[in-house]
Amino acid sequence: MRYEIDAHYLPLWEAAQSYQDKRNDKGHAFVVTAYARFVAARENCDAAVVIPAAILHDIGWSAVSLEDRMSIFRFDTPKEQKMKARALHQEQGVLLAKELLEKVQYDTALIPEILEIISQHDTRKGFISNNEGAMRDADKLWRYDEYGFMSDYLNGTGAIADHIEDQERHIDSEHFFCFDSSRQLARELLAKLKAKYLP
Ligand SMILES: [Fe+2]
Ligand SMILES: [Fe+2]
């Protein structure tokens, strides 16, 4: 898979730049968008919905306090605190995404679906559509991609083996991945991480 963003989406990509990667996770928006492109193509989803949703999904973190943003990565943060921060970044994300999509004059017929995906991308149980599943699978695949895995590991607490174990536990949990092909890709990426980082 190539990390790539099609030229058609560059105006939106540029417009969102200053709101991206606010959790010391430089590259998150780019890598997730690249996986979104890959998953959408493989699963015949509507790229014109999936890719903007991926580009904009986490811009709401820019409106959340630094402490709440970073608390997400810690194993010792209470569950309720994490849920509150997640809900806030989704709410703020929808507001900002609407503003940016209108600013770049994105197809108005597609905006409601894009915003709906962003509105609960981290908290919804189950998937409402293949388009939504593709965007959310891409967000999860970041954690298995070596670049994203290392980023989360360096931001968090715990040893590298704990992070690998944590990600392994998630792969087959209910509603984690939408598509079997994403699950399979995560397994392959995790196998590479294990070979490289575990004794
Ligand atoms: Fe998010
Ligand atoms: Fe994300």
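Residues numbered from 1 in each chain as written. Chains lettered and ligands numbered in written order. Predicted model: local features only at pLDDT ≥ 70, side-chain atom pairs only at ≥ 80, totals over all residues. Heavy atoms only, no water.

A. The arrangement of the packing of helix 8 (residues 146-155) against helix 10 (residues 180-197) in detail. Interhelical geometry of helix 8 versus helix 10 gives an angle of 60 degrees and a closest axis separation of 10 Å. Regarding the angle of helix 8 to helix 10, the classification is oblique. Classified by chirality, the crossing of helix 10 by helix 8 is right-handed. Mapping the contact onto sequence places Glu146, Phe149 and Met150 in helix 8 and Leu193, Lys196 and Tyr197 in helix 10. The class makeup of the residues in the contact of helix 8 with helix 10 is four nonpolar, no polar and two charged. (Axes fitted to C-alpha atoms, helices over the stretch in contact; angles between N-to-C directions. Helix = DSSP H or I, 4+ residues; strand = E, 2+ residues; numbered from the N terminus. Parallel < 35°, antiparallel > 145°, perpendicular 65-115°, else oblique. Left-handed = near helix turned anticlockwise from the far one by under 90°. Contact = heavy atoms within 4.5 Å. Nonpolar A, V, L, I, M, F, W, Y, C, P; charged D, E, K, R; others polar.)

B. Molecular detail of the side chain of serine 182. Here serine 182 lies in helix 10. Among the residues examined, serine 182 registers a relative accessible area of 0% and is labelled buried. Among all residues touching serine 182, those that are not within four sequence positions of it are Val39, Arg42, Asp137, Leu141 and Phe177. (Buried < 20%, exposed > 50% of the residue type's maximum accessible area, 1.4 Å probe, protein only.)

C. A look at the packing of aromatic side chains. All chains considered together, the criterion is met by five aromatic pairs. Between tryptophan 142 and tyrosine 147 the ring centres are 5.9 Å apart and the planes differ by 70 degrees, which places this aromatic pair in the edge-to-face class. What makes tryptophan 142 buried here is its relative accessible area of 3%. According to the relative accessible area criterion, tyrosine 147 is partly exposed, its value standing at 43%. Three or more aromatic residues joined by ring pairs make a cluster, and in this case those are Tyr3, Trp13 and Phe30. (Phe/Tyr/Trp six-rings, centres within 6.5 Å; stacked < 30°, edge-to-face > 60°.)

D. Seen up close, the environment of cysteine 45. Here cysteine 45 shows up in the loop between helix 2 (28-42) and helix 3 (47-56). Taking C-alpha positions, cysteine 45 is 19 Å from alanine 29, a pair spaced 16 residues apart along the chain.

E. Region of the structure containing unusual backbone geometry. One non-glycine residue with positive phi stands out, namely asparagine 24, at about 55 degrees. Within the secondary structure, asparagine 24 is located in the loop between helix 1 (10-16) and helix 2. Of note in this structure, asparagine 44 is not a glycine but carries a positive phi near 55 degrees. Here asparagine 44 is to be found in the loop between helix 2 and helix 3.

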